[in-house]
Amino acid sequence: MEKRKIKDNIYWLGAIDWDRRLFDSLIPLPDGTSYNAYLIKGSEKTALLDTVDPPMEDTLMEQLRGVEKIDYIISHHAEQDHSGTIGRVLEKFPGAKVVVTPKAKNMLMDLLRLDESVFSPVEDGDVLSLGDKTLTFIHTPWVHWPETMVTYLEQDRILFSCDFFGSHIATSDLFVTDPGRVYEAAKRYFAEIMMPFGKVIAKNLEKLKPYDIDMIAPSHGQIYDQPGWIMDAYDQWVNGAPKNLVVLPFVSMHGSTRQMVDHLASALTDQGVRVELFNLPVTDIGKLAMSLVDAATIVVGTPTVLAGPHPMAAYAAFLANALRPKTKFLSILGSYGWGGKTVETLASMTGNLKVEVLDPVLCKGLASQSDFKALDDMAAAIAKKHKDLDLV
Ligand code: FEO
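Residues numbered from 1 in each chain as written. Predicted model: local features only at pLDDT ≥ 70, side-chain atom pairs only at ≥ 80, totals over all residues. Heavy atoms only, no water.

Peer 1: Would you explain the side chain of threonine 171 in this entry?
Peer 2: Take threonine 171: it is sitting in the loop between strand 13 (158-162) and helix 5 (179-194). According to the relative accessible area criterion, threonine 171 is buried, its value standing at 14%. Among the polar contacts made by the side chain of threonine 171, one reaches the main-chain amide nitrogen of aspartate 173 at a distance of 3.0 Å. Ignoring sequence-local partners within four residues, the contact set of threonine 171 consists of Ile16, Trp18 and Gln222. (Helix = DSSP H or I, 4+ residues; strand = E, 2+ residues; numbered from the N terminus. Buried < 20%, exposed > 50% of the residue type's maximum accessible area, 1.4 Å probe, protein only. Polar contact = N/O pair within 3.5 Å; in protein donor to acceptor, adjacent residues only side chain to side chain. Contact = heavy atoms within 4.5 Å.)

Here you go:
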């Protein structure tokens, strides 16, 4: 793919990774991804904003073939999918300065073994003139590492946001053409890496309010030429109340726990509470993470295995604990054969969640009528809690 013009003297460069299906050896990418870099040619200076993941560095270098000089490499984020080709770019343009936050400088010296002399650190709010184009650097920590920043191009009112507002989609469309699809991909991305930092992201959103933004150019996925809706979506994800929704990750070995899950799901639905089931052995973890963005309640369903929760239920609990959703209530259900410490083990794994723990329902073997009654009571209790908070 050749470089593509966005506006006069502003170009998209980068690589579309149609094949990638896993990020950080953890995050499912059902639609692939892209690593977007941008070239801004001012009347006096030229800047390259971010690079690409090292396996695709030849694509970027080919796109830079006709470029005579680069004065600045703006590195918004030290993670290697954006920074990993800086060394190669510096070999071609040895006079270029790498513009970074002070934290990013130290991280890039560690991650890429770049020499300290190549860096030109910038403070929050610093301005860099390229002649007829002016860049303002805005520190936006914890989106999703501590060193992250974004760049605002004043004359064209473009925000170059790196991971912030990004989405993992491989597509040849430069601009958003299907907002529904991009909304889902961006929410998945937010859920998987940004959600734990919701409070500081809310502050970063506030920080962007004074800027008149016509376009957001992220470093993954498509460019937003109508950016209002994605900024509103982020606002809802970090500042909005959770929804009248129970997320129910579960695993069942012989059907007993599954029977309880189905009964609770039916009882919750009767009570007017939405419910989403995730059968963990066949679940896309990204889908589960997305649901956690909205869930007011999590109920983990697990049989007892080797005196504790099934390892897949433990994985889901560990993940939810790491993602720190806005969830208000937590409970556990499941079937056991002869005993164990399922509840204690799962409770010990979810200390980050600021939740009220509701009475669990554990039964020996197949659920009895009294166990189903206990599940009905759990559904009623959840419905009342949600109603008391006016959740919709
Ligand atoms: Fe796309 Fe955090 O790197």
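So much for the structure itself; the text now carries on.
Peer 1: Would you mind going over unusual backbone geometry with me for this structure?
Peer 2: In this structure, histidine 144 follows valine 143 across a cis peptide bond, with omega equal to 15°. In this structure, tryptophan 142 is a non-glycine residue whose phi angle is positive, near 65°. Note on placement: tryptophan 142 falls in the loop between strand 11 (134-139) and strand 12 (149-153). In this structure, aspartate 390 is a non-glycine residue whose phi angle is positive, near 60°.

Peer 1: Would you mind going over empty space enclosed by the protein with me for this structure?
Peer 2: One way to see where empty space is left: roll a probe the size of a water molecule over the atoms. The tally for this structure, following the rule as stated, stands at four cavities of 30 Å³ or more. Considered as a void within the structure, the largest cavity measures approximately 100 Å³ in volume. Those elements giving two or more residues to the lining of the largest cavity turn out to be strand 2 (10-17) and strand 5 (33-41). If you tally residues by element for the lining of the largest cavity, the top one is strand 5, at three residues. Tallied by class, residues from the lining of the largest cavity come to six nonpolar, six polar and two charged. (1 Å grid on protein atoms, 1.4 Å probe; cavity = no way out; pocket = protein on both sides within 12 Å on 5 of 7 lines; lining within 4 Å. Points joined across faces, edges and corners; volume = space filled by probe spheres on them. Nonpolar A, V, L, I, M, F, W, Y, C, P; charged D, E, K, R; others polar.)

Peer 1: Looking at this model, I keep getting lost on the layout of surface pockets. Mind explaining?
Peer 2: Here the largest pocket defines a volume of roughly 500 Å³. Breaking the lining of the largest pocket down by element, the ones donating at least two residues are helix 6 (198-208) and helix 7 (228-239). Partitioned by chemical class, the residues of the lining of the largest pocket number 12 nonpolar, five polar and five charged. Lining the lining of the largest pocket are residues from two domains, each supplying at least three of them: domain 1 (4-239) and domain 2 (243-388). (Domains from an automatic or database assignment.)

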